[in-house]
Amino acid sequence: MRSSHTDVLVVGGGIIGLVTAWRAAQRGLGVAVVDPEPGGGAALVAAGMLAAVSELDHGEQTLLGLNIASARLYPDFVAELESVTGRDTGYRACGTLAVALDSDDRAQLRELHALQRRSGLESEWLTGRECRRLEPMLAPGVRGGLRVDGDHQIDPRRLAAALVTACERAGVVFHRAWAERLRVVGDRAAGVTLAGGPERGAELDAGQVVIAGGSLSGRLAGVPDDVVAPVRPVKGQVLRLTVPCPYAPFLSRTLRAEVRGSHIYLVPRENGELVLGATSEELGWDTTVTAGGVYELLRDAHELLPGITELPLTETRAGLRPTSPDNAPLLGPTALPGLHLATGHHRNGVLLTPVTGQVMATVLTTGELPDDARPFAPGRFSPAAASVRLEQHA
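Residues numbered from 1 in each chain as written. Predicted model: local features only at pLDDT ≥ 70, side-chain atom pairs only at ≥ 80, totals over all residues. Heavy atoms only, no water.

Draft legend 1. Highlighting the overall build of the protein chain. When its secondary structure is counted, the protein chain shows eight helices and 18 strands. For the protein chain, the C-alpha radius of gyration of 21 Å lies close to 21 Å, the compact-globule estimate for 394 residues. Taking all 394 residues of the protein chain together, 54% fall into the buried category. When contacts within the protein chain are restricted to residue pairs at least 6 apart in sequence, those whose partners lie at least 24 apart make up 73%. As displayed, the protein chain offers around 16800 Å² of accessible surface, 50% of which is attributable to carbon and sulfur atoms. The protein chain carries 38 positive and 45 negative side-chain charges, and their two centres are separated by 2 Å. (Helix = DSSP H or I, 4+ residues; strand = E, 2+ residues; numbered from the N terminus. Rg over C-alpha atoms; globule rule 2.2 N^0.38 Å. Buried < 20%, exposed > 50% of the residue type's maximum accessible area, 1.4 Å probe, protein only. Contact = heavy atoms within 4.5 Å. Areas by Shrake-Rupley, 256 points an atom, 1.4 Å probe, with all protein chains shown as cover. Lys, Arg positive; Asp, Glu negative; His and termini not counted. Charge placed at Lys NZ, Arg CZ, Asp CG, Glu CD.)

This is the structure we're talking about:
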């Protein structure tokens, strides 16, 4: 069974696949998305921190440039998306506070502050007392913190729902099924074959195919070995609590900390939800919520905010971050003509949504990868690229 031809076929309907489809459709391309549940995936678990500054890490200065560029796009991106769809995305320009609980944490935070300053980023060092003045629920033992007013947040679930609506209004066609196999015709990606549902066995033809399947991006059958997305799943467990009216506002901004070597964050929503996460576990495809994971998150959160144990626990989930070998995204064309990747965003998928849509729409309409996205081309992991890196190192 064969369906009609489309210009672009996006495999994966998470926020990255959806923003790619929407922006491509706005450029006048005929676009279809293949996903059994568009708007699902990692967006259902993600906390939605837009933390280009407070999540900076050593060795990620190249990625920092892309993160900052995407953060700057967010206000206009959200305004356009909400205007087109009439949906609220839960975007909040509330800022972030990263805090230290003991002398070791304080030393690490001081080192992060120095790295931020060297990178030309804005952050302000606060004493423990100044931190508690901003967030009165903090534990008395907090030793200091970093205030980052430019790191904001969005609700990924609302963002995904808005992107589904935007795609529908832009004429994107949804095939609510799994893609079983990439079709390659004459050494060129030509579409996919569907698995399951009423269209089972259907062959979808396309001029260009984008694999945006998150942690599943490397598992599509039929993709030649030399262009398979080198993406692995990294598990994260997340809790959601509710702040009753008598306790509100529990937090006024996103809170981050490292507690005995474990990273933790708390993201307060305007609707009273408090998102607490996240573990980082290399456990393959396991998405089990464990008692140990829940305990560790609540234990560490209690050290930061003793009052958190009074809040109702309303949801526990585990999701899979799509992670590349260098923790940076894979964007643009592969060595197989007609096949592109938009995956591997690791912990930055929500943050990089606006710039990914922009980059992929440019690639799909012009065939050219923008300069700021070239360091993230999929070919950087090819055998040839690896040989060049070894020669340069030698």
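There is more to say, and it comes next.
Draft legend 2. Structural context of the pattern of salt bridges. All chains considered together, the criterion is met by 22 salt bridges. Put simply, Arg-147 and Asp-149 hold a salt bridge, and the shortest N to O gap is 2.9 Å. With a closest N to O distance of 3.7 Å, Glu-273 and Arg-269 form a salt bridge. (Salt bridge = Lys/Arg side-chain N within 4 Å of Asp/Glu carboxyl O.)

Draft legend 3. Main features of a nonpolar patch on the surface. Nonpolar side chains collect at one region of the surface, where Trp-178, Leu-216 and Trp-285 lie side by side and expose about 330 Å² of accessible area between them. A relative accessible area of 35% places Leu-216 in the partly exposed class. (Patch = residues over 30% accessible without salt bridge, like charges linked within 9 Å, V, L, I, M, F, W, Y side chains within 5 Å.)

Draft legend 4. How the structure looks around the packing of aromatic side chains. Counted according to the given criterion, the structure contains three aromatic pairs. In this structure an aromatic cluster arises from ring pairing among Trp-22, Tyr-74, Phe-77 and Tyr-91. Note that Arg-23 overlies the ring of Trp-22, its terminal NZ or CZ placed 4.3 Å from the centroid. Of note, Arg-219 hangs over the ring of Trp-285, and the distance from its end group to the ring centre comes to 4.4 Å. (Phe/Tyr/Trp six-rings, centres within 6.5 Å; stacked < 30°, edge-to-face > 60°. Lys NZ or Arg CZ within 6 Å of the ring centre and 35° of its normal.)

Draft legend 5. Representation of the pairing of strand E9 (residues 178-184) in the model. Here E9 runs beside strand E10 (residues 189-195); their pairing, made up of six bridges, is antiparallel. Opposite Trp-178, over in E10, you have Ala-195 as the bridge partner. Here E9 folds back onto E10, and the loop between the two strands holds four residues, one of which, Gly-186, carries a positive phi near 60 degrees. (Pairing = 2+ DSSP bridges.)

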